[in-house]
Amino acid sequence: QVQLEESGGGSVQAGGSLRLSCAASAYTVGSFCMGWFRQAPGKERERIVTLDTRGGTPVYADSVRGRFTISQDNARNTLFLQMDSLKPEDTAMYYCAAVSRIVAVPCAKRPYTFWGQGTQVTVSS
């Protein structure tokens, strides 16, 4: 039922910024656990940040904490990822993801089941 589409990727120099958007199907943002993930060639998929879009506190990976900020627009069913102070190590395919919210398992620990196609972010040194 959930459809996700990322946009906003591109190529930037180290220290630059990008703002990614995730357009979600109706009623997703504000109801689901949602998050941003990334995967670089030859590396494991990394959980960047997860959020209970009903109003929870985002949980960031150590690798991006202080540089990346997640936000949401419930009316537009859109999730954002503001990325500042980008590093070459941030180069990866970035994915928006979602999963239904349950009380027993925090969004940071939920296995995500709905995924976008990804948007490429390339940071040059």
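Summarised in this report is the structure supplied together with it. Please read all numbers here as calculations on a predicted model, not as lab measurements.

## Here we look at unusual backbone geometry
Right, on to step 1. Unlike most non-glycine residues, Y27 shows phi in positive territory, near 70°.
Right, on to step 2. The topology assignment puts Y27 in the loop between β3 (18–24) and β4 (33–39).
Right, on to step 3. Classification of Y27 as exposed rests on a relative accessible area of 69%.
Right, on to step 4. Residue S85 is not a glycine yet carries a positive backbone phi of 50°.
Right, on to step 5. Position of S85 among the secondary structure elements: in the loop between β8 (78–83) and β9 (92–99).
Right, on to step 6. Judged by its relative accessible area of 42%, S85 is partly exposed.

## Comments concerning the pattern of salt bridges
Right, on to step 1. This structure, assessed with the given rule, holds six salt bridges.
Right, on to step 2. Its salt-bridge partner being D52, residue R54 comes within 3.2 Å of it at the nearest N-O pair.
Right, on to step 3. Classification of D52 as buried rests on a relative accessible area of 11%.
Right, on to step 4. Note that D52 is salt-bridged to R101, the shortest N-O span being 2.9 Å. Of this pair, D52 sits in strand β5 (residues 46–52) while R101 is found in the loop between β9 and β10 (114–115), placing the two residues 49 residues apart along the sequence.
Right, on to step 5. For R101, a relative accessible area of 26% gives the class partly exposed.
Right, on to step 6. Salt bridges sharing partners connect three or more residues here, namely R38, E46, R67 and D90.

Here is what the cut-offs are and how they apply
Residues numbered from 1 in each chain as written. Predicted model: local features only at pLDDT ≥ 70, side-chain atom pairs only at ≥ 80, totals over all residues. Heavy atoms only, no water. Helix = DSSP H or I, 4+ residues; strand = E, 2+ residues; numbered from the N terminus. Buried < 20%, exposed > 50% of the residue type's maximum accessible area, 1.4 Å probe, protein only. Salt bridge = Lys/Arg side-chain N within 4 Å of Asp/Glu carboxyl O.

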